Amino acid sequence: MSDALHIQPEVGTTHGAHHDEHHVHHHKETFITKYIFSQDHKTIGKQFLITGIIWAIIGGLFSVLFRLQLGFPDQTFPILETFFGKWAEGGRIKTEFYYALVTMHGTVLVFFVLTAGLSGTFANLLIPLQVGARDMASPLMNMLSYWFFFMASVVMIASMFIQTGPAAGGWTVYPPLSALGEASIGSKAGMDMWIIAMALFVVSQLLAGLNYVSTILNMRTKGMSMTRLPLTVWALFFTAVLGILSFPVLLSGLILLLFDRNLGTSFYLSDIYIVGQALPNEGGSAILFQHLFWFLGHPEVYIILLPAMGMVSEVLSVNSRKPIFGYMAMLGSMFAICILAFLVWAHHMFVTGLNPFLGSVFVLLTLLIAVPSAIKVFNWLTTLWRGNIRFTPAALFGIGFVSLFISGGLTGIFLGNSTIDIHLHDTMFVVAHFHIVMGVASFFGMFAGVYHWFPKMYGRYMNNTLGYIHFWVTMVGAYLIFWPIHYQGLAGMPRRYLDKSVWVNFSQFHELDKMITVVSIIVFAVQLMFVFNFFYSIFKGRKVTTQNPWGATTLEWTTPINPGHRQLDW
């Protein structure tokens, strides 16, 4: 360990008044400075995690509600009217509210749970501990990144309670629907609040990302060269770089959208008629917004996936009791993914009238990204091969992540080909693909991380039996929900429709939709069991008695079981 990590003397020794004050300053904290406006990276990580868990329950509940509508379109559920009043009169979700639920579900889970919840938790917890630093480069900026996220959360939640309801333009909020307040009820004040919440969210991510990169580059301990960094830290480093480069583009796109909505500009609007009346807007292009959105939107996929990949690499290595197979290959493949993530955004736009030659370039780049992904999968499987595997809940979720990443990734090859995508675009196939490869897989990476590092966070273990139930029900449930949806998409079933029962072509899927809805409810219930396990274990879990319960090789397990603020007693 370097001089930066020497053990601090107790107050009253001859080491100098400055250090004594520093020591006292961090041990005479009030509840507010310790748990609310904390600058300790470990506490901030917990704040991100618990806020993310609350958002995950809200976002997951939305999906259960609209699955009810999709699975049982001819039935009424009086409980819906109890909760949602005029939005679900007669126990049936109204069309405009259905779209609002879909919009909020996507926004909440993609940004507030799998971006802020995943990176915010594990980057804060692990980066200083694994590189051997006292804390983040700027603890104040770190605290601000959480509170900007919290403010974004408050604005987003508030938008659900206003009279015209939350934003309802899909999580991608494409204009002209999102740019015209009169276009729909979900394009009124709720959309402005959505944009403001996302702007605050971007500020949070930029503050955090700059901090993570600075800490990793400048605050590594003696002997911790870049090629000795754990893969988790590398993954979080690449994630932060992706965010720093791509989130400002989304912010600029959203600011222009705010101008179009409120200041009479025409960045995205042109030649639009409402009820036969021509609007004065000319010269804008709705396609411009898609370019700006997806320039963030595709790196966003890897902002979500890379932390999960890094954590799974470590969890599988520790629980196979072997070093990760092909460290430099893993590093190279993450770097390649990082570069290619910026060169594939227009594969979301094959049906916008994109030049076919340009489309073919994006097809090539999109299919190229399968190569580093395949290298990673090969290395994970080789790490497991002939390993002395310990099937902890964390290890199972790690293995589940690899399974989902393979099966979900293979369907991406379909969508990466422009000719096939023209048929499959905006069908349920797309929904199935990205839910498996990005949504559920990243959640599995997150669960692996929570089970694995929970003893470091709270000095206690989570309940293993509940962990195993959580894994098996979620794993089987994820495949039962999303695998059949691929077939609906291949048959041409469009996404974002409230009631598909009136289409004779899709009548064969009625029973399947019911099954998917029932499984969704079961899987959601099991996530609530995980939440119970998490909070119960914080206070009542079995206490950790050894510094390194998993036999891991990274630095965070060399700290005391309950490290003090800024690892002062390291």
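Refer to the structure printed above.
Just so it is clear, the model here is predicted, and its values are computed rather than measured. (Residues numbered from 1 in each chain as written. Predicted model: local features only at pLDDT ≥ 70, side-chain atom pairs only at ≥ 80, totals over all residues. Heavy atoms only, no water.)

*Asks:* An account of the side chain of S313 is needed here, citing residue identities and associated values.
*Replies:* Looking at the secondary structure, you find S313 in helix α10 (residues 286–320). Within the structure, the side chain of S313 is placed 3.0 Å from the side chain of W380, a separation counted as a polar contact. Ignoring anything within four residues of it in the chain, the contact list for S313 reads L231, I324, M330 and W380. (Helix = DSSP H or I, 4+ residues; strand = E, 2+ residues; numbered from the N terminus. Polar contact = N/O pair within 3.5 Å; in protein donor to acceptor, adjacent residues only side chain to side chain. Contact = heavy atoms within 4.5 Å.)

*Asks:* Break down unusual backbone geometry for me, citing the residues and quoting the values.
*Replies:* Omega for the bond connecting P175 with P176 falls within 30 degrees of zero, at 5°, which places this linkage in the cis form. Among the secondary structure elements, P176 is positioned in the loop between α7 (139–158) and α8 (189–218). The phi dihedral of V173 is positive, around 35°, even though this residue is not glycine. Within the secondary structure layout, V173 lies in the loop between α7 and α8. In this structure, R386 takes a positive phi of about 60° despite not being glycine. Here R386 is to be found in the loop between α13 (370–384) and α14 (393–416).

*Asks:* Describe the environment of F247, listing the residues and the values that go with them.
*Replies:* Along the chain, F247 turns up in helix α9 (residues 231–262). The spatial distance from the C-alpha of F247 to the C-alpha of S270 is 26 Å, given a sequence separation of 23 residues. Beyond its immediate chain neighbours, meaning those up to four positions away, F247 contacts F111, T115, F201, V202, Q205, L206, L296, E300 and I303.

*Asks:* Can you tell me about the environment of L424, naming the residues and giving the values?
*Replies:* As for its position among the elements, L424 is in helix α15 (residues 418–424). On the accessibility criterion, L424 (0% relative accessible area) is buried. In this structure the C-alpha to C-alpha distance between L424 and I58, which are 366 residues apart in sequence, comes to 29 Å. The contact partners of L424, leaving out residues within four places of it in the chain, are F414, L415, F429, V430, G489 and L490. (Buried < 20%, exposed > 50% of the residue type's maximum accessible area, 1.4 Å probe, protein only.)

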